[in-house]
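Observations on the three-dimensional arrangement
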Amino acid sequence: MKNMYLIIVLILTMSFLLIPLLATNGSKEGEKIIISSTSTSKDEIHTENDEFEILDEIKVYLTDSQTTLTVEKNEYILGVVAAEMSAENNLEALKAQALAAYTFAYRKHIQNSKTNNEYDLTNDSTLDQRYIDEEERRVKWGEKFDDNENKLKKAVEAVKNQLIVYNGEPILAAYHAISAGKTETAKNVWGTDYPYLQSENSVGDLLCADFYSELSVSADDFTKKITELEIQVTGEMDKAIGNIKKSPSGTVLNIEVCGKKVTGAQMREAFALRSAAFDVIYKEGSFVFTVSGYGHGVGMSQFGANYMAQQGSDYKEILSAYYRGVEIVDIK
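Quick summary incoming for the structure in this document. All chains use their own residue numbering, which begins from 1 and follows the written sequence. Restriction of local features to residues with pLDDT of at least 70 applies here, the model being predicted, together with a cutoff of 80 or more for giving and counting side-chain atom pairs; totals for whole chains, interfaces and linings are based on all residues. Hydrogens and water molecules were not included; the side-chain quantities draw on all heavy atoms of the structure.

Turning to the overall build of the chain, a few remarks are in order. For helices the rule is a DSSP run of H or I covering at least 4 residues; for strands it is a run of E covering at least 2, with both sets numbered from the N terminus onward. Of regular secondary structure, the chain possesses ten helices and 14 strands. Across the 332 residues in the chain, those meeting the buried criterion constitute 47%. Should any heavy atoms of two residues lie within 4.5 Å, those residues are considered in contact. The long-range fraction of contacts in the chain, counting pairs at least 24 apart against all pairs at least 6 apart in sequence, stands at 68%. To be clear on the numbers: accessible area is Shrake-Rupley with a 1.4 Å probe, and residue cover counts the displayed protein chains and nothing else. Surface exposure of the chain reaches about 17800 Å², of which carbon and sulfur atoms provide 49%. The buried label applies to any residue whose accessible area, calculated with a 1.4 Å probe on protein chains only, is under 20% of its type's maximum; exposed applies above 50%, and partly exposed to all values in between.

See below:
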């Protein structure tokens, strides 16, 4: 009887060890990676058997002038980092941002090279990532131009010809300003799942002075905004807000407004909220939104990256913390 008991224990122990391994291996089989900053494109990339080529120039479509500009790679990355992140940040955080920006552009280049597009990506941050040229940087930084320019050049040079990859393919290197304490999964924001864009802890964001923001909207303005969402206003205003469903990261997945269910993203856009991680109450004739974080919440948090750098993490550790299971490789 005692021997039988030992055999049962051994069988159960082996089962607990094998099941997670089988589950992990199975999750990667048949995986499809879709390129798009907003996960709307169905173009796939296949680079498994190809060597990565160094991308020396990037073609950027400038939305204001509606022209395409061919920019030397390092200048482009520097211009993106200058537009997307403060030069006051730690050098390792700037390196992480530079490599994320290049990987994002590289992936878009592969995508658009398969189409008739005359450019790799735009300077519209709602579609791709922002870019400012040297003249704009001089205006932005003023007397700090030389110091900031040299600092960003150092960051860009340090990660030159590197890529962030997952299973041999450049990742969709999404990033945002401040998370809600945890980053969000791409599936909850864009509807498409990426194995490397999962929810990750980013506790440093909780220390940001701009972590919380508040917006008060009068009942009349609230009515106008939700009418644009094709919601019919009925009943008392204090009963307008119903059930709110949130993700584990705090993003509002859907919310009932006057009995109609809408997404948190729709509410964020309608009321120009800093993120879709919010609470809302009716108080003294107004609707008060309390918002956590800033941005879509997917991928690398820029504030969190800087916090990690201040704690001693290098850019590779930062990127690995926000993009699950990735590798940083040299392009040869």
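What follows is about the environment of Asn117. Structurally, Asn117 is set in the loop between α3 (91-112) and β3 (121-122). Classification of Asn117 by relative accessible area gives partly exposed; the value is 35%. Considering only alpha carbons, one finds Asn117 and Tyr61, 56 residues apart in sequence, at a separation of 9.9 Å. Here a polar contact is taken to be a pair of N or O atoms separated by no more than 3.5 Å, where protein atoms must pair a possible hydrogen donor with a possible acceptor and residues adjacent in sequence count only if both atoms sit in side chains. Here the side chain of Asn117 touches Asn112 through a polar contact of 3.0 Å, side chain to side chain.

Looking now at unusual backbone geometry. The backbone of Ala272 sits at a positive phi, close to 55°, despite the residue not being glycine. Along the chain, Ala272 turns up in the loop between α8 (264-271) and β11 (278-283). Taking relative accessible area as the criterion, Ala272 reaches 67% and is therefore assigned exposed. The backbone of Glu284 shows a phi angle near 50°, a positive value even though the residue is not glycine. Exposure remark for Glu284: the relative accessible area of 77% places this residue in the exposed category.

With that settled, the discussion passes to the environment of Leu207. Locating Leu207 in the fold gives a position in the loop between α6 (186-190) and β7 (212-218). Taking C-alpha positions, Leu207 is 9.3 Å from Gly304, a pair spaced 97 residues apart along the chain. In contact with Leu207, not counting residues within four places along its chain, are Phe303 and Tyr307.

For the rest of this paragraph, the subject is α3. Helices are assigned an expected span. That span is 1.5 Å times one less than the residue count. The terminal C-alpha atoms of α3, which comprises 22 residues, lie 31 Å apart, in line with the 32 Å expected from a rise of 1.5 Å per residue. Most of α3 is tucked away: 21 of the 22 residues are buried. The N-cap residue of α3 is Asn90: its side-chain oxygen and the backbone nitrogen of Glu92 are 2.9 Å apart.

This next bit is on the packing of aromatic side chains. Here a pair means two rings of Phe, Tyr or Trp (six-membered ring of Trp) with centres within 6.5 Å. Their orientation is stacked below 30 degrees between planes, edge-to-face above 60, and tilted elsewhere. Per the stated rule, a full pass over the model turns up 13 aromatic pairs. Centroid distance Trp141 to Phe145: 6.1 Å. Interplanar angle 40°. Geometry classified as tilted. Aromatic pair Phe222 and Phe287: ring centres 3.7 Å apart, planes at 15°, arrangement stacked. Here the residue Phe222 occupies a position in helix α7 (residues 219-228), and Phe287 occupies one in strand β12 (residues 286-292), the gap between them amounting to 65 residues. Across this residue pair, the class does not change: Phe222 and Phe287 are buried. Ring pairs connect the aromatic residues Phe222, Phe271, Phe278, Tyr282, Phe287 and Phe289, which therefore count as one cluster. Any Lys NZ or Arg CZ found within 6 Å of a ring centre and within 35 degrees of that ring's normal is scored as a charge over the ring. The ring of Tyr102 is capped by Lys73, whose NZ or CZ atom sits 5.5 Å from the centre of that ring.

Attention now goes to the sheet that holds strand β10 (residues 260-263). A sheet is described by the order of its strands in space; here three strands give the open sequence β8-β9-β10, paired in antiparallel fashion. Here the strands that pair on one side only, and so sit at the sheet edges, are β8 (241-246) and β10. Strand after strand, the sheet turns through a mean of 20° between neighbouring axes, direction not considered. Strands were regarded as paired on the criterion that DSSP finds at least two bridges between them. With four bridges connecting them, β8 and strand β9 (residues 252-257) associate as antiparallel partners. Residue pairing in the sheet places Lys245 in a bridge with Asn254 of β9. Interaxial angles span 0 to 180 degrees and are taken between N-to-C directions of axes, which are lines fitted to C-alpha atoms, for helices over the stretch in contact.

Take the sheet that holds strand β14 (residues 327-330) next. Strand pairing in a sheet relies on backbone hydrogen bonds. The paired strands run either parallel or antiparallel. Across the sheet, which stays open at both edges, the three strands sit in the order β5-β4-β14 with antiparallel pairing between neighbours. Strand pairing shows two members of the sheet lacking a second neighbour, β5 (169-170) and β14, which therefore form its edges. Here strand β4 (residues 162-166) pairs with β5 via two bridges, running antiparallel. Residue Tyr166 lies in a different strand from β5, and its bridge partner there is Glu169.

In this section: the packing of helix α2 (residues 73-84) against α3. Relative orientation of the contacting elements α2 and α3 amounts to 120°, with a least axis distance of 9 Å. Taken together, the axis directions place α2 and α3 in an arrangement best described as oblique. When you trace α2 past α3, the crossing you get is right-handed. Two secondary-structure elements touch here, α2 through Lys73, Tyr76, Ile77, Val80 and Val81 and α3 through Leu94, Gln97, Ala98, Ala101, Tyr102 and Ala105. When residues are sorted by character, Ala, Val, Leu, Ile, Met, Phe, Trp, Tyr, Cys and Pro go into the nonpolar class, Asp, Glu, Lys and Arg into the charged class, and all the rest, Gly among them, into the polar class. Considered class by class, the residues forming the contact of α2 with α3 number nine nonpolar, one polar and one charged. Oblique is the label for every angle not falling under 35 degrees (roughly parallel), over 145 degrees (roughly antiparallel), or within 65 to 115 degrees (roughly perpendicular). Should the near helix be turned counterclockwise from the far one by less than a right angle, the crossing is left-handed, whereas a clockwise turn marks it as right-handed.

Let us look at the pairing of β11. With six bridges connecting them, β11 and β12 associate as antiparallel partners. Opposite Phe278, over in β12, you have Val291 as the bridge partner. Connecting β11 to the next strand, β12, in antiparallel fashion are two residues, including Glu284 with a positive phi near 50°.

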